[in-house]
Each structure stands twice: as C-alpha cells, then as structure tokens.
Amino acid sequence: MLIQILGIIVLLMALRTLFAQDRSERMLYLNAMSFGIAGLMALYIQTPFGAIIAITYFIASTISSNAIAYSIGRVKNEIILDE
Amino acid sequence: MNEIIAIIIAAVLSWINFVLIDTWMGLPEQPGVRGADVIGRSVKRRGGDLAGGFFQGNIVCSPDASAGTLLASAACYTIGTPEGGLIAAVLVYFGNRLCADPGYAGTTGALSITCIIFAASYIGIGPADFIVGMVLAIVTIQGLHHPLASKLLGRIAEKMGRHTKLT
Amino acid sequence: MYPFLDLITLTTVSVGVLLIGTAGIILLKKPMDKVIMFALLQGGFIGLIVSAKYLDVAVAAAVFDPISTVIMLIAITKLDEIRKKKIKSQEDGFFA
C-alpha cells in the first residue's frame, strides 16, 4: 500500500518533468521525484543498508541538482548548431 | 489505526516540522547558493513570491530540514527509533558540508523529527507512515503549483519575520 | 483497477522513469534539457539496480553519477561561451 502510493507519485512527477515549459520548473519536479525514489528504496530494502543507500542517493542527487541549477544561471539561452 | 488517517497525520506533522524549522533558520531570506537564486527568480517571474521562491530553491540545491526529515524517518524505519535518527543526523551533517553549506538546518530537522516519531509511536503511527507523509508534504510544496505554494511560504515567512529584503 | 495497483512495484516504477527519461532525451532539442532528463534517467537506473538487490553496485553508481553530470555541464558551458564569443567577434568585425 505504501509502495503503491509512492510509485504513483514518482511516475506523476516524472511525467510533469517531461511536459513542463520552464527549466527551473523542471528542476523542482525533478527534486520531488528524487524524494520519492529515496523513500521507495528505503521501504523496499528493509535492512540498515537500505537507509544508507537512500541517504547516499539523495545527497548525490542534491549535488547534481545544484550543479544543473548553477549552469542554468550561467547559460541563459544557448546557441545550438542545426546540423 | 487506519492506514490513510495515519499517513495524513504523519504528512501534516512532517510539513509543520520542516517548514517551521527551515523558516526559522532563515531559508527564505537569501539564497544559499547561486542555483537557488536562479530558481527563486524564475518562480517570481511566473507570478509567485520571491521569499517562497528562495525557499523552494534552497530545498532543491542543498540538504535542509526536508532532507533531514525524510532521511531520519527512513533510518528510524530500518535501524530502530532513536538510533536511526542520530545516524541520519550525522550523515546529513556530512552531506551539508559536502554541498558547501555552512548551516545546521538538516541536523536540526533530523533530530526534531526523531523526537516526533518517538512520541507518535505511542499512538500507533510507525516510521514508514512518516516516509510517505514526508514525500506527500514535499509534493504539496514543489509538485502542484509553484506560484501558489510560494505565496503561502512567503506569508509564513512574513509572520515569522524572515521575509527577504532582496528584490 | 485493483489488479493494476498490484503491478506498481519498485521495478516497474524504475523502468517507467527510465523510459520517460529516454523519451525526453530523444525528443527535446536543447542540450540543457537533455541533461535534466539524463538526471531523471539516472534516478530510474539506480532504482532498478536496487530492486535487483545489488546494493554495493547501487552505492557506487550513486556516487559516480554527479561526476558525469558535472562533466557534461562543463562541456555545455564551455561550448556556449565559445559560440557566443565567436558571434560577438563577427558582429564587431562588421563594424570594423
């Protein structure tokens, strides 16, 4: 029951990431999805190492979101070459 | 206790926990890192409040009380109620320093939610309900409608005297 | 509808997130959007490894993921700077 609720939330957030308009909106939905996946991993693996993997994944996802948000500020509207 | 009622009570408790601790630690006042600045100004451009935008940006870019709450309840579920919260508080402290954030919001959130989980275990709400409740709370802040959520957070920040002075 | 709810496990949710990330990488045009979808794909990937109970592989993958994202972001930022500088020097060349 708990895993099903979290699973539906994760899939909804992933779909909203795909169909969002603004880039910063995508970052917020991505972060909500990472919360969901970390919780799902802790509920599935019920031993202490499950908590360790959830914490490691969550902090790594926060570091990469930080890097992406910083780069969004530096590259405002990028130029792509049409091949 | 009925499962749905337990999840809703846990969601309300974790929402109150992380919003109050983050606002008290000054998250809406200024962006901690540059990524939070970008996200905050984008939320303001779409019709929201700047302090609420900085709050949401700080949640994305560095581990704060929301991360502490989720990870402490995951650790309490797998390791056991007081020990798991303390282990999670130590690991969130390391994560804070890894993201170059000098604050203590994550550890404070983890320790306070450990006390709340310990108290709620006497009513029949287990730590697993707190994990799902925390994810539901984050979805109401960052997953539904960003301008409305930022206006609510801005009003809470004003009441506690932590609204931002930047424009 | 209730048999459908039994299908939702960590494995199927991770595969769903993986496919959504892949669709995003193929369909979106700008490179920054592709990098955001790559981060989504990494989340689904680690979920899939955990559901197969390879926990130490999952820890290693989770630690190496931000490194690859940062390398891609450095490449995109550098390329964009070079292209903007080239366009700016071409404009100055017209005035010279």
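Everything discussed here concerns the structure shown above.
Residues numbered from 1 in each chain as written. Chains lettered and ligands numbered in written order. Predicted model: local features only at pLDDT ≥ 70, side-chain atom pairs only at ≥ 80, totals over all residues.

Draft legend 1. Region of interest: the overall build of chain C. Check the secondary structure of chain C and you find four helices and zero strands. What you see for chain C is a C-alpha radius of gyration of 20 Å, clearly larger than the 12 Å of a compact globule of 96 residues, by over 25%. Its C-alpha atoms give chain C principal-axis dimensions of about 70 × 35 × 10 Å. Looking at chain C residue by residue over its 96 residues, the buried ones come to 30%. By sequence separation, contacts in chain C at least 24 residues apart represent 51% of the contacts at least 6 residues apart. (Helix = DSSP H or I, 4+ residues; strand = E, 2+ residues; numbered from the N terminus. Rg over C-alpha atoms; globule rule 2.2 N^0.38 Å. Buried ≥ 20, exposed ≤ 12 C-beta atoms within 10 Å, placed from the backbone. Contact = placed C-beta atoms within 7 Å.)

Draft legend 2. Layout of unusual backbone geometry. All names here are of chain C. Positive phi is not limited to glycine here, since Lys 53 has a value of about 65 degrees. With respect to the helices, strands and loops of the structure, Lys 53 is situated in the loop between α3 (31-51) and α4 (55-95). C-beta crowding within 10 Å serves as the criterion here: with 10 such atoms nearby, Lys 53 is assigned to the exposed category.

Draft legend 3. Molecular detail of helix α1 (residues 3-24) of chain B. Residue and element names in this part refer to chain B. Spanning 22 residues, α1 covers 32 Å between terminal C-alpha atoms, matching the ideal 32 Å at 1.5 Å per step. Along α1, the positions that sit buried rather than exposed are Ala 6, Ile 7, Ala 10, Ala 11, Leu 13, Ser 14, Asn 17, Phe 18, Val 19, Ile 21, Asp 22 and Thr 23. The inward-facing, buried residues of α1 abut α3 (50-61), α4 (65-79), α6 (105-120), α7 (127-142) and α8 (146-159). One or two steps after α1, the chain reaches Gly 26, where phi turns positive at roughly 90 degrees. (Expected span 1.5 Å × (residues − 1).)

Draft legend 4. Seen up close, the nonpolar core. One finds Val 10, Met 41 and Ala 54 of chain A, Leu 71, Ala 88 and Ile 131 of chain B together with Leu 40 of chain C to be the most contacted residues of the largest nonpolar core, which totals 104 residues. Among the elements that line this core, the one with the most residues is helix α3 (residues 48-74) of chain A, at 14 residues. Discounting chain neighbours no more than four positions away, the residues touching Ala 54 of chain A are Ala 38, Met 41 and Ala 42 of chain A together with Leu 71 and Ala 74 of chain B. (Core = buried A, V, L, I, M, F, W, Y, C linked by C-beta atoms within 7 Å.)

Draft legend 5. Quick look at the interface of chain B and chain A. Each side of the interface is counted separately: chain B has 38 residues, and chain A has 37 residues. Every element with two or more residues in the side of chain B that touches chain A is listed here: α2 (34-45), α3, α4, α5 (81-98) and α7 of chain B. The element contributing the most residues to the side of chain B that touches chain A is α4 of chain B, with eight residues. Among the residues making up the side of chain B that touches chain A, the classes are represented as 24 nonpolar, ten polar and four charged. (Nonpolar A, V, L, I, M, F, W, Y, C, P; charged D, E, K, R; others polar.)

Draft legend 6. Representation of the interface of chain A and chain C in the model. Counting from both sides, the interface comprises 37 residues of chain A and, opposite them, 39 residues of chain C. For the side of chain A that touches chain C, the elements supplying multiple residues, two or more each, are α1 (2-18), α2 (23-44) and α3 of chain A. Among the elements that make up the side of chain A that touches chain C, the one with the highest residue count is α3 of chain A (13 residues). Residue composition of the side of chain A that touches chain C, grouped by class: 25 nonpolar, eight polar and four charged.

Draft legend 7. A look at α8 of chain B. Relative to the 20 Å expected for 14 residues at 1.5 Å per residue, α8 of chain B spans 20 Å between its end C-alpha atoms, a close match to the ideal helical length. For α8 of chain B, the complete set of buried residues consists of His 146, Ala 149, Ser 150, Leu 153, Gly 154 and Ala 157 of chain B. All buried residues of α8 of chain B lie within an arc of 140 degrees about the axis, which places them on one face of the element. Those residues of α8 of chain B that are buried lie in contact with α2 of chain A together with α1, α2, α3 and α7 of chain B. (Arc of directions from axis to C-beta.)

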